Amino acid sequence: MGKKRVLCSYGVDVDAVAGWLGSYGGQDSTSDISRGIFAGTIGTRRVLDLLDKYNIKATWFIPGHSLETFPEESALIRDKGHEIGLHGYSHENPSDMTVEQQRAVLDKTYRLLTEFCHGKPPRGSVAPWWETSREGTELLLSYGIEYDHSMSHHDCQMYWLRTGDSWTKIDYSQKAETWMKPLVPGQPTGIVEIPASWYIDDLPPLMFIKSAPNSHGFVNARDVEAIWMDHFDYFYREYDEFVFPMTIHPDVSGRPHALLMQERIIEHINKHEGVEWVTMAQMCDEFKSKNQPPLGALMPSIPASVMVKGGDASHS
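So, how was this worked out
Along each chain, residue indices are assigned from 1 in the same order as the chain's sequence is written. Since the coordinates come from a predicted model, pLDDT governs what is reported: local features require at least 70, and pairs of side-chain atoms require 80 or more to be given and counted, while whole-chain, interface and lining totals use all residues. Remark: hydrogens and water are excluded; side-chain values derive from all non-hydrogen atoms of the structure. In this analysis, the protein atoms alone were mapped onto a 1 Å grid. Cavities are point sets where a 1.4 Å probe fits without being able to get out; pockets are open sets with protein on both sides within 12 Å along at least five of seven lines; lining residues have an atom within 4 Å of a point. Grid points are joined across faces, edges and corners, and a volume is the space filled by probe spheres set on the points. A run of H or I in DSSP becomes a helix once it reaches four residues, and a run of E becomes a strand once it reaches two; helices and strands are each numbered from the N terminus. For our purposes a nonpolar core is just a set of buried Ala, Val, Leu, Ile, Met, Phe, Trp, Tyr and Cys residues, chained together by side-chain atoms within 4.5 Å. Under the scheme applied here, a residue whose accessible area is under 20% of the maximum for its type counts as buried, over 50% as exposed, and between as partly exposed, the area being computed with a 1.4 Å probe on protein chains only. A contact between two residues is defined here by any heavy atoms of the two lying within 4.5 Å. UniProt positions are given in the numbering used here, feature names are shortened, and annotations may be inferred rather than shown by experiment. Every angle, taken between N-to-C directions, lies between 0 and 180 degrees, and every axis is a line fitted to C-alpha atoms, over only the stretch in contact when it is a helix. In this scheme, roughly parallel covers angles under 35 degrees and roughly antiparallel covers those over 145, while 65 to 115 is roughly perpendicular and the rest are oblique. Left-handed describes a crossing whose near helix is turned anticlockwise from the far helix by less than a right angle; the clockwise case is right-handed. Any two strands with at least two DSSP bridges between them are considered paired.

The name an unreviewed UniProt entry assigns to the chain is Polysaccharide deacetylase family protein, from the organism Favolaschia claudopus.

S.K.: Help me understand empty space enclosed by the protein in this model?
M.R.: In this approach the atoms are scanned with a rolling probe the size of a water molecule, which exposes any empty space left behind. The final tally for this structure, using the stated rule, is four cavities of 30 Å³ or more. The space that makes up the largest cavity amounts to roughly 280 Å³. Lining of the largest cavity is provided by 22 residues; of these, Pro94, Ser125, Ala127, Pro128 and Leu140 occupy positions nearest its centre. Breaking the lining of the largest cavity down by element, the ones donating at least two residues are helix 5 (99–116) and helix 6 (134–142). Considered as a void within the structure, the second largest cavity measures approximately 130 Å³ in volume. Lining the second largest cavity are 14 residues; nearest its centre among them are Tyr24, Trp129, Trp198, Asp201 and His249.

S.K.: Quick question: what am I supposed to make of the nonpolar core here?
M.R.: Buried together is how nonpolar side chains tend to be arranged in soluble globular proteins. In this structure, Tyr10, Trp60, Phe244 and Met246 are the most contacted members of the largest nonpolar core, which totals 67 residues. At seven residues, the largest contribution of residues to this core is made by helix 8 (residues 221–238). The contacts of Trp60, once residues within four sequence positions are left out, are Val12, Val14, Thr44, Val47, Leu48, Leu51, Ile77, His82, Glu83, Ile84, Gly85 and Pro250.

S.K.: Help me out: how do you make sense of the UniProt feature "domain: NodB homology" (unreviewed entry) in the chain in this one?
M.R.: Summarizing the sequence annotation, UniProt attributes the feature "domain: NodB homology" (unreviewed entry) to residues 29–221 in the numbering used throughout. Measuring from the first to the last C-alpha atom of residues 29–221 gives 26 Å, for a span that is 37% helix and 11% strand.

S.K.: What am I meant to see in the packing of helix 2 (residues 30–53) against helix 4 (residues 71–79) here?
M.R.: Pairs of packed helices are described in terms of their axes, by the angle between the two and the distance that separates them. Two elements in contact, helix 2 and helix 4, have axes separated by 9 Å at closest approach and are oriented at 15 degrees. Viewed along their axes, helix 2 and helix 4 adopt a mutual orientation that is roughly parallel. Of the two possible hands of crossing, helix 2 and helix 4 adopt the one that is left-handed. Within the contact between the two elements, helix 2 uses Gly40, Thr41, Thr44, Arg45 and Leu48 and helix 4 uses Glu72, Glu73, Leu76 and Ile77.

S.K.: When you look at the side chain of His268 in this model, what are you seeing that I'm missing?
M.R.: Following the sequence through the fold, His268 ends up in helix 10 (residues 256–269). Its relative accessible area of 17% is what places His268 among the buried residues. Beyond its immediate chain neighbours, meaning those up to four positions away, His268 contacts Met229, Phe232 and Asp233.

S.K.: Teacher, can you tell me more about the pairing of strand 6 (residues 159–163) here?
M.R.: Regular strands show a simple pattern: their side chains alternate between the two faces of the sheet. Extensive coverage of strand 6 is indicated by the burial of four of its five residues. By the bridge criterion, four bridges tie strand 6 to strand 7 (residues 187–193) in an arrangement that is antiparallel. Bridge assignment links Thr163 to a residue of strand 7, and that residue is Gln187.

See the structure below:
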């Protein structure tokens, strides 16, 4: 077994009220909005305390709605030295929006986060619902975004994001020959993809959503914890170098059972040699220091030009 190099990171999605407005079907429920307020205040402060306890700097993906609704908690995140990345405004599903709407949301949130972070623009993005589009990727490129954390082509290795893959859906009203076609790969980009995994995300098993027919929310956190630890242990056995990005939400991991789960996971990970806790920007930097973008890749714009041109800078 070779020398280990393991980069671990928490991606903290502060969905809060925005999650109920944009994704979870709670926009007409005072109860769900109340749960969102808990996440933006109590939950966020508890997760900050968790990270402080273990001296971990994380990457917080904060929707614009959460940033403006909970400015005090957002300032605590910033002032404690955590990274802040993009996550929509009201946790809108990109696949439900027009290109113009996607551009308006990105422009608003990019500028909002840049100003909030004293002129430091966001370097990374998480698509709400982890749903990306070709147009969305091109918008990220035009705003100089360096990494994305939404896709799952791999589960423990970073890679260059590819955009514009196309595939043929089945239409049973047509002849079979019309759909028997392979996936067509799209074009490579210079955006680093930090893999996302539904299996290492606290929300699906641990948050009750009234409008979701398969909602869980009452799963034993120790069962979820075992799945996360099994992922880590397998990667550690099979790879000398890997990344282990975990997705948590103050909505969920601000609750006692999930907080204690995170403590046990951190302590399990910390027993291993070669582990380093980093932000996702640090992950991105390490990947770029060791890898060159593919020939002909679509490259991100220079961030300084974005604020001047409103995201229309060339990314060729």
